[in-house]
Amino acid sequence: MEGEDLEFAVNGERFKVNSVDPSTTLLDFLRLNTPFKSVKLACGEGGCGACLVMLSKYDPDSDRVKEHSINSCLTLLCSINGCSITTSEGLGNAKNGFHPIHTRFAGFHASQCGFCTPGMCISLYSALSNAPGGLTVSEAEKSIAGNLCRCTGYRPIVDACKSFAADVDIEDLGLNSFWKKGDSREVMLKSLPPYDPKDHLVTTFPEFLKKKKSVVRNGLDHSRYRWTSPCSITELRNVLESAANSGGSLKLVVGNTGTGYYKDGEERFDGYVDISRIQEMSTIKKDEDGIEIGAAVTISDVIDALKEEEGSLFKKMAAHMEKIGNHSIRNSGSIGGNLVMAQSRKFPSDITTLLLAADASVCMLNGRKIKKVKLQEFLDWPPVLDSKRVLLKVDVPAWAADNELLFETYRAAPRSFGNALPYVNAAFLARVSHQMVDKCLLAFGSYGGDHSIRAREVERFLTGKLLSHSVLHEAMVLLRGVIVPGKDTSYPEYRKALAVGFLFEFFYPLIDNDGRRLCSPDSGEKHSNGHVHRTESLLPFLSSSQQVLESNEFQPVGEAVIKAGAALQASGEAVFVDDIPTLPDCLHGAFIYSTEPLAKIKSISFSENVTPTGVFAVLTFKDIPQQGENIGSKTVFGPGPLFADELARCAGQRIALVVADTQKHADRAAKLAVVEYDVKNLEEPILTVEDAVKRSSFFDVHPMFYPEPVGDVLEGMKEADRKILLAEFRLGSQYFFYMEPQTALALPDEDNCVKVFSSSQAPEYVHSVIATCLGIPEHNVRVITRRVGGGFGGKAIKSMPVATACALAAHKLNRPVKMYLNRKTDMIMAGGRHPMKVTYNVGFRSDGKLTALELTMLIDAGTEPDVSPILPRNIMGPLRKYDWGALSFDVKVCKTNLPSRTAMRAPGEVQGSYIAEAIIENVASSLQMEADEVRKINLHSYGSLVKFYKHISGEEDEYTLPLLWDKLEISSEFEKRGEMVKEFNRRNVWRKRGISRVPIVHQVMQRPTPGRVSILSDGSVVVEVGGIEIGQGLWTKVKQMVAYGLGLTKCTGSDELIERIRVVQADTLGLIQGGFTAGSTTSESSCEAVRLCCVTLVERLKVTMDQMMMEKSGSVTWSMLIQQAYAQSVNLSASALYTPEFSSMEYLNYGVGVSEVEVDVITGKTEILRSDIIYDCGKSLNPAVDLGQIEGAFVQGIGFFMMEEYTTDEKGLVVQQGTWDYKIPTVDTIPKQFYVEILNTGHHKNRVLSSKASGEPPLLLAASVHCATRSAIREARKQSLSWNCNNGNGDVSGADFELPVPATMPVVKGLCGLYSVEKYLEGKICGK
Ligand SMILES: Cc1cc2nc3c(=O)[nH]c(=O)nc-3n(C[C@H](O)[C@H](O)[C@H](O)COP(=O)(O)OP(=O)(O)OC[C@H]3O[C@@H](n4cnc5c(N)ncnc54)[C@H](O)[C@@H]3O)c2cc1C
Ligand code: FES
Ligand code: FES
């Protein structure tokens, strides 16, 4: 029988697809075949939430529609047959009116670059639509757990979400544009864009779909779709049997979320079998014997069902499952899919661990037979993934709930709720009466073994034993032997320590008691020994406050105006490069990169010598036109090649570009490329800075970028009565993780011209590189950049080769060529922040006064100079924030065979500022003084500031750091909290707190920047600037400045001018000399450029204005004035190139941060309890925008200092290749309390309308989190030493230690002691 057509709705519009490759995802379809572009591709692995959409399914029996969010990047198109999809622009849009979610996101300043925003909006919408009784504040916060945003730092997003919560206290919501400080609650409530579920939670399930058969069963025509949807086990059996007979390969699917993790081999199946519509596999049955869960039931439905059950076992399982992936993954991922991935492909599953501890069984279909086996036996079978065997259901037995039955689950992951696989998980069930263990099931998973296991040896040992310190200690020793991570598992010792720690946490509270727990695990109560039990079942409430001073001196400059285009970004209509509609003959490119660090390239071919589907060409350096050059980037330090020539100089270097008909084909072909290398007669590659020193492999640094030493270090050392000599530490790298990967689109044009759309922070340079590469005059090239989906420095130099490669291919093939790097390639090529090794000698007096610092720094710059030669200058700037007495340094910029590093937000500055703190911390440790005291003693006086910063130190009254330092001491209650931290540490064994205050001095420099303001005949204004909108709010500030500047005409109603101004995309032929958008000053420089234009225009308009004023006696509107000026042919377009005065182009920015953290000594997890920031923004041009920059930068800094590992392997290839192993902060890792004050420090005569920069400096303040963590670890180590029975050394050596950057969980735990629980018990045993 002929089956159905694939039919569904998107935003109410009907779509029919005649035939399709069944591996096509919903995202592919939406982006390529519909006008709806709000679904963004940022990772393609379920890890970011940028691609979320609402899926609505209609149930004809109940006549109800069920809806939830799903990841369109993982969902297969065929699986949505008969469904309705709603994207963010489907909720509301510019044409039909925005949804209140969009307008509230805009008004709470919750969108910066906007790339994550549509996905965020869908997450919130999904939460609202699934909370019929209204959303609680906690649910509102949780709704975006797992969605990534790299710009905002999440706080404003959380406020936007919370504004929809039924129980919200409106006064708790942060800075927004709806009400003013001091407004009454009534005014606040009235000003919020109204939201009424009846109007705004409209389920758009079109009538035409309700009539479709596939609403019940997805009966697609197999010949056209290779997709089958059996409705019963019998039908499924038939499908499998006929495939077995014909020898065809089949893939069973439910949510298809597994492909987020296993991305290989999607096209090798002859057919797909969707098992989600099989009744028996999609239901949950409950009776007194337990729960039977169909294998195709989604994790979300399992959670709901478990929550309804009596007894804490099921509830605890549900709470644990809520930490799996994120909402949308749980909404589509099935329990069976999870178990099969764990069984057959070693997936580090949480669910298997939980089910093992609950003694669950599974039912398997094998041919005609159905077999029920214990889960453990199923896991031990050879892989079942053969499309012959099907997991039908899971049986979880009911455990009689009584006081003696204990059940707990554990999970240690880099982010508790935010989409992170655990290092280890565990679930324990035990029956313990009067300290006697009658029975126990101890399950561990995710530790790097083949799958979750039961620790049977330990179970046997404990069963029948009376719990005591020594019994528990022995059990732990046994457990260390059972937890054996596989050979390639990262942090094996850490994982063992976690497993042991969890066992300790479970059993320890039972010792010395009558068999019942000393404290309820849910209460968070403290054990009499100071043992606090972990409680993580709810995301804790975030609280925040922002203090900003709006100024009206230069209205509307200084006001917290909503970011230009924020609502458009929320609805997803804002156009990024990849959203530009694809032309019919457009080709797509993907890079082939070297996997060797130094090798001759002998040949490039494809696997089995078969050219993969869709490939048009493979371009290498040989394809560069004769008159052109092999150039892919350039800086003042020289060019970088587009492709490796005969020699590849680092793993990750571009060696060719595959051009194919689709991006998917190009990516696949690049993956299938086979490169033959030859390393004969070549030197060993340089892969470390030490190698570079041995081989004297350095980049030259111009004296301009090499600051002078200060004072006489030899003398300073003589003055010292204490010294630390040859101390050493290293700093790691960081990846930008802009949400929009590198992308460009090149269109060949007439007469040897090319037009390129590039997501770049430096279009002018992109332009010039393309012209040089192609060997054509620059006027043949036009580069256009409208907006960039996050840059952070990564879209400056590193955007150039992407655009140039596209231009080369377009030029050569005479076809449009687009390239959208996949996240893996992007991460491999990006280079990121500079890692470095620091060695120092510091001299100081016993009262804490520093006298001299001598530094040696080896910076790993990678293979090309990029901008690395500026690093010495950038590092030494913020490092001078303290009065070191005297300062000398030797900084080497090492040339290695690693991807070239580039400028990432606060490049060198964040390291320099941190290096100063690390030294201060060590000085304080060695003097046994408080680090804060040492900081305070060595803060600059204005006199020493001038000595260290010379002409850039500004006027004395501009040195506001001491003021900020003191102010924050009071507002953060620093001293009182310091005492509380000490008290907490005295009373708690397994949790330690630390608090730290860190100052920053950050030097920035303005650069020449162009602008043009043109007034059109209707009075609307169009503005062009050199600066690029990368999410930092540049356009908004520019608009405000133009409104202010033109407002000086003093027309009637000129306060509404801002509404008539539009800033347009950068076009390198329209406005030249755009330069780089970098270094935090482009916004102010662009503002100054347009202010100059406005001065010219106002001057030109003055004559007309004066005439009209005389004629009209006082009332001239803007429109009238412009009409008249047009009539008089006044030149109404003015341009200017703002060139800052040499004497004042550099200036200093100041801020102070206090952070308090709590370290879990058992897991190494660091929670940021509170951060307070005070930052001097001068007279902020827009406090909302600056606040966003401050918070966003701080959270990005938290990522650098605490979470983000960006490392290379033994060949120099980047190890982290996606969201699975690169963890940027999510909403659950930001400070629980986050208080920010922007200080308006009044008049700064050399600054643009007295404003100061905000983009990068606040990132440096995140060092306060790292320093507070160091302080907490110090407490843990001191305590650990006190447990030594024989005062032996054990695994911790004392209070002097270096805390690496990033201080990830394994690092922190390693320093707290991998054997801390054993030591503790040994201490107890020997009576300590
Ligand atoms: C971003 C992300 C984060 C995640 N985080 C976690 C986490 O923290 N903890 C955790 O435990 N899991 C996590 N997961 C895994 C997630 O739970 C699984 O991907 C999901 O449960 C798989 O279900 P599915 O229906 O999508 O399976 P599919 O992708 O449809 O199938 C997965 C595989 O199993 C096969 N299969 C599916 N069902 C059956 C069956 N009944 N019988 C035989 N074979 C079958 C399929 O052929 C396929 O090979 C995460 C996944 C993603 C994408
Ligand atoms: S693109 Fe789908 S989750 Fe990241
Ligand atoms: S606004 Fe969230 S990623 Fe840019």
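The structure displayed is predicted, hence computed values, not measured ones. (Residues numbered from 1 in each chain as written. Chains lettered and ligands numbered in written order. Predicted model: local features only at pLDDT ≥ 70, side-chain atom pairs only at ≥ 80, totals over all residues. Heavy atoms only, no water.)

On to the overall build of the protein. The number of helices and strands found in the protein is 41 helices and 44 strands. Relative to the globule expectation of 34 Å for 1328 residues, the C-alpha radius of gyration of the protein, 31 Å, shows essentially globular dimensions. Overall size of the protein, expressed as C-alpha extent along the three principal axes, is 95 × 85 × 80 Å. Here the analysis covers contacts within the protein between residues at least 6 apart in sequence; of these, 77% occur between residues at least 24 apart. Put simply, the protein shows about 47000 Å² of open surface, and 50% of that area lies on carbon and sulfur atoms. Positive and negative side-chain charges in the protein, numbering 145 and 160 respectively, have mean positions lying 2 Å apart. (Helix = DSSP H or I, 4+ residues; strand = E, 2+ residues; numbered from the N terminus. Rg over C-alpha atoms; globule rule 2.2 N^0.38 Å. Contact = heavy atoms within 4.5 Å. Areas by Shrake-Rupley, 256 points an atom, 1.4 Å probe, with all protein chains shown as cover. Lys, Arg positive; Asp, Glu negative; His and termini not counted. Charge placed at Lys NZ, Arg CZ, Asp CG, Glu CD.)

One can describe the packing of helix α29 (residues 909-927) onto helix α39 (residues 1263-1282) by two numbers: an axis separation of 10 Å at closest approach and a directional angle of 25 degrees. Accordingly, the angle class assigned to the pair α29 and α39 is roughly parallel. You can see that α29 and α39 cross each other, and the crossing is right-handed. On α39, the residues touching Tyr914, Glu917, Ala918, Glu921, Asn922 and Ser925 of α29 are Ala1263, His1266, Cys1267, Arg1270 and Arg1274. Residue composition of the contact of α29 with α39, by class: four nonpolar, three polar and four charged. (Axes fitted to C-alpha atoms, helices over the stretch in contact; angles between N-to-C directions. Parallel < 35°, antiparallel > 145°, perpendicular 65-115°, else oblique. Left-handed = near helix turned anticlockwise from the far one by under 90°. Nonpolar A, V, L, I, M, F, W, Y, C, P; charged D, E, K, R; others polar.)

Attention shifts here to the sheet that holds strand β33 (residues 836-844). Spatially, five strands are ordered β27-β35-β34-β33-β28 in an open sheet, and the strand pairing comes out mixed. Of all strands in the sheet, those bounded by a partner on one side alone are β27 (698-699) and β28 (722-731). Sheet topology note: the β33/strand β34 (residues 850-862) ladder contains nine bridges and is antiparallel. Directly across from Val838, in β34, lies its bridge partner Met857. Helix-sheet contacts for helix α28 (residues 871-879) involve β33, β34 and β35 (886-895), and the interaxial angle to β34 is about 145 degrees. (Pairing = 2+ DSSP bridges.)

Quick look at the site of ligand 1 now. Neighbouring ligand 1 are 38 residues; Leu252, Thr257, Gly258, Ser334 and Asp350 lie closest to it. Residue Asn256 places a main-chain N or O atom 2.9 Å away from an oxygen atom belonging to ligand 1. Contacts to ligand 1 include Asp350, whose backbone N or O atom sits 2.7 Å from an oxygen atom. Protein chains bury 97% of the 970 Å² of accessible surface belonging to ligand 1 in isolation. Of all the secondary structure elements, the ones that give two or more residues to the shell around ligand 1 are β7 (250-253), α14 (327-332), α15 (335-345) and β13 (389-397). No other element matches the four residues that α15 contributes to the shell around ligand 1. The class makeup of the residues in the shell around ligand 1 is 20 nonpolar, 13 polar and five charged. (Near = heavy atom within 4 Å. Polar contact = N/O pair within 3.5 Å; in protein donor to acceptor, adjacent residues only side chain to side chain.)

Glancing now at the UniProt feature "active site" (unreviewed entry) in the protein. Taking the numbering used here, the UniProt-annotated feature "active site" (unreviewed entry) corresponds to Glu1256. Structurally, Glu1256 is set in the loop between β44 (1233-1239) and α38 (1257-1260). Here Glu1256 falls in the buried class, since its relative accessible area comes to 10%. From its side chain, Glu1256 meets the backbone nitrogen of Ala906 in a polar contact 2.7 Å long. (UniProt positions renumbered as here; feature names shortened; annotations may be inferred. Buried < 20%, exposed > 50% of the residue type's maximum accessible area, 1.4 Å probe, protein only.)

On to empty space enclosed by the protein, then. Under the definition given, this model contains 10 cavities of 30 Å³ or more. Roughly 250 Å³ of volume is contained in the largest cavity. Contributing elements (two or more residues each) for the lining of the largest cavity: α26 (800-813) and α27 (823-830). Per-element accounting of the lining of the largest cavity gives the leading share, three residues, to α27. (1 Å grid on protein atoms, 1.4 Å probe; cavity = no way out; pocket = protein on both sides within 12 Å on 5 of 7 lines; lining within 4 Å. Points joined across faces, edges and corners; volume = space filled by probe spheres on them.)

Let's shift gears to unusual backbone geometry. Cis peptide bonds are those with omega within 30 degrees of zero, and the linkage from Gln555 to Pro556 qualifies with 0 degrees. With respect to the element layout, Pro556 can be found in the loop between β18 (543-547) and α21 (566-571). Look at the link from Val1301 to Pro1302: it is a cis peptide, with omega at 5 degrees. Topologically, Pro1302 is positioned in the loop between α39 and α40 (1305-1312). The backbone of Lys950 sits at a positive phi, close to 50 degrees, despite the residue not being glycine. Note on placement: Lys950 falls in the loop between α31 (942-949) and α32 (961-971). Positive phi values are uncommon outside glycine, yet Ser1129 reaches one of about 55 degrees.

Relative to the assigned elements, Glu1191 resides in helix α37 (residues 1183-1203). Look past the residues within four positions of Glu1191 in its chain and what remains in contact with it is Thr152, Gly153, Arg155, Pro156, Gln546, Phe1234 and Val1236.

Another aspect to go through is the packing of aromatic side chains. Each aromatic ring pair is characterised by the separation of its centres together with the angle its planes make. A complete count under the given rule lists 48 aromatic pairs for this structure. Note on Tyr423 and Tyr491: the rings are 6.3 Å apart at their centroids and 80 degrees apart in plane angle, and the pair reads as edge-to-face. Residue Tyr423 is found in the loop between β14 (405-412) and β15 (424-433), and its partner Tyr491 is found in the loop between α19 (469-482) and α20 (492-507); the two are separated by 68 residues along the sequence. Feature note: the residues Tyr410, Phe428, Phe444, Phe502, Phe506 and Phe507 constitute an aromatic cluster, connected by ring pairs. The positively charged end of Arg104 is found above the aromatic ring belonging to Phe164, 4.2 Å away from the centroid. A cation over an aromatic ring shows up here: Arg823 above the ring of Phe737, its NZ or CZ 4.3 Å from the ring centre. (Phe/Tyr/Trp six-rings, centres within 6.5 Å; stacked < 30°, edge-to-face > 60°. Lys NZ or Arg CZ within 6 Å of the ring centre and 35° of its normal.)

Summed over all chains, the structure comprises 79 salt bridges. With a closest N to O distance of 3.5 Å, Glu171 and Arg185 form a salt bridge. With Glu171 in the loop between α6 (155-162) and α7 (185-191) and Arg185 in helix α7, the pair connects residues that are 14 residues apart, well separated along the chain. The class for Glu171 is partly exposed, based on a relative accessible area of 46%. Between Arg1012 and Glu1024 there is a salt bridge whose closest N-O contact spans 3.0 Å. Here Glu1024 lies in strand β38 (residues 1021-1025) and Arg1012 lies in strand β37 (residues 1009-1015), a separation of 12 residues in the sequence. Residue classification places Glu1024 among the buried residues on the basis of a relative accessible area of 16%. Ionic contacts of the salt-bridge type, sharing partners, join the residues Lys881, Glu917, Glu921, Arg935, Arg1270, Arg1274 and Glu1298 into one network. (Salt bridge = Lys/Arg side-chain N within 4 Å of Asp/Glu carboxyl O.)

Attention now moves to the sheet that holds β15. The sheet built from four strands is open, its strands ordered β14-β15-β16-β17 with antiparallel pairing. Single-partner strands in this sheet number two, and they are β14 and β17 (453-454). One ladder, built from two bridges, connects strand β16 (residues 436-445) with β17; its direction is antiparallel. By the bridge assignment, Ala443 is partnered in β17 with Arg454. Most of the contacts of helix α13 (residues 312-321) go to β14, to which it runs at about 5 degrees, and overall it touches β14 and β15.

Within the secondary structure layout, Pro1010 lies in strand β37. When residues no more than four places from it in sequence are discounted, the contact partners of Pro1010 are Val1025, Gly1026, Leu1071, Ile1072, Gln1073, Gly1074, Ala1089, Ala1136 and Leu1137.

A separate point is α15. Of all the 11 residues making up α15, nine are buried; the element is thus mostly covered by neighbouring parts of the structure. Every buried residue belonging to α15 is among Ile335, Gly336, Asn338, Leu339, Val340, Met341, Ala342, Gln343 and Ser344, and all of these are buried. Of the surrounding secondary structure, the elements contacted by the buried residues of α15 are β10 (290-294), α12 (299-308), α16 (351-357), β11 (361-366), α17 (375-380) and β13.

Over its 14 residues, helix α11 (residues 233-246) extends 20 Å from the first C-alpha to the last, a length consistent with the 20 Å expected when each residue adds 1.5 Å. Regarding α11, the residues found buried are Ile233, Leu236, Arg237, Val239, Leu240 and Ala243. For α11, the buried positions fall inside an angular range of 160 degrees around the axis, keeping them on one side. What points out from α11, more than 90 degrees from its buried face, is the exposed set Asn245 and Ser246. Where α11 is buried, its residues meet β6 (227-228), β7, β8 (271-274), β11, β12 (369-374) and β13. (Expected span 1.5 Å × (residues − 1). Arc of directions from axis to C-beta.)

Here we take up the side chain of Thr804. Considering the arrangement of structural elements, one finds Thr804 in helix α26. Of the residues examined, Thr804 reaches a relative accessible area of 1% and is grouped as buried.

Turning next to the pairing of β44. The element β44 is extensively covered by neighbouring structure, given that six of its seven residues are classed as buried. With five bridges connecting them, β18 and β44 associate as parallel partners. Opposite Gln546, over in β44, you have Val1236 as the bridge partner. Bridge analysis of strand β43 (residues 1166-1176) against β44 gives seven bridges, and the strand direction is parallel. Note that in β44 the partner of Arg1170 across the bridge is Gln1233.

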